Each structure stands twice: as structure tokens, then as C-alpha cells.
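Architecture and fold: a report
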Amino acid sequence: MARRSFEERIAARQAAQGPLKEGRVFEHGPAKFLFVTLIIFIFVIHIGGLIVMMAMGMH
């Protein structure tokens, strides 16, 4: 039996998963973790920059 092509294996895996559940954006757990971590990091950097600028009198 010949091995299926990469595209055929991906298509079979996606067909077996079924449709994405309502309200679910990330299928991949680590991708969700990375996204949330990046958003929090950017927020903290912005708040820290604002505090530094206010302390220097540059508002």
C-alpha cells in the first residue's frame, strides 16, 4: 500500500475533526497561550512606558 501524500493526510485529518465549535477561535492550545501571553506582554509594556513618561514629566 502506497503512502498517501501530505495534502491527502491533512485533508483526512481535517475531515475527521468535524466543524469548529461555536465560539472557539484557536484549535491549537499553544497558539492560544502564545496569543494571550503576547497581548498581556504588550499591555504591560505600554502601561510601564506610560508610568515612566509620567514620572519624567513627559505627559
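Residues numbered from 1 in each chain as written. Predicted model: local features only at pLDDT ≥ 70, side-chain atom pairs only at ≥ 80, totals over all residues. Heavy atoms only, no water.

Let's talk about the overall build of the protein
So the rule is basically this: Runs of H or I in DSSP of at least four residues are treated as helices and runs of E of at least two as strands, each being numbered from the N terminus. A 1.4 Å probe rolled over the protein chains alone gives each residue an accessible area, and that area as a share of the maximum for its type sets the label: buried under 20%, exposed over 50%, partly exposed in between. Under the convention used here, a 1.4 Å probe and the Shrake-Rupley method define accessible areas, while residue burial counts only the protein chains that appear.
The helix and strand inventory of the protein stands at two helices and zero strands. Burial status across the protein gives 0% buried among its 59 residues. Carbon and sulfur atoms form 70% of the exposed surface of the protein, whose accessible area is close to 5900 Å².

Some points on the UniProt feature "transmembrane region" (unreviewed entry) in the protein
Keep this limit in mind: UniProt positions are given in the numbering used here, feature names are shortened, and annotations may be inferred rather than shown by experiment.
According to UniProt, the "transmembrane region" (unreviewed entry) feature falls on residues 33-56. Between the end C-alpha atoms of residues 33-56 there is a gap of 35 Å, over a span that is 96% helix and 0% strand.

Structural notes on helix 2 (residues 29-55)
Every α-helix carries 3.6 residues per turn, so stepping three or four residues along brings you back to the same face. Filter applied, for reference: To estimate how far a helix should extend, the number of its residues minus one is multiplied by 1.5 Å.
The terminal C-alpha atoms of helix 2 lie 39 Å apart, and with 27 residues this matches the ideal 39 Å at 1.5 Å per residue to within 8%. Directly after helix 2, the chain includes G57, whose backbone phi takes a positive value near 80°.

Section: helix 1 (residues 6-17)
Along its twelve residues, helix 1 runs 17 Å from first to last C-alpha, staying within 8% of the 16 Å computed at 1.5 Å per residue. Taken across its twelve residues, helix 1 has zero buried, putting it largely on the surface. At the C-terminal side of helix 1, G18 shows a positive phi close to 80°.

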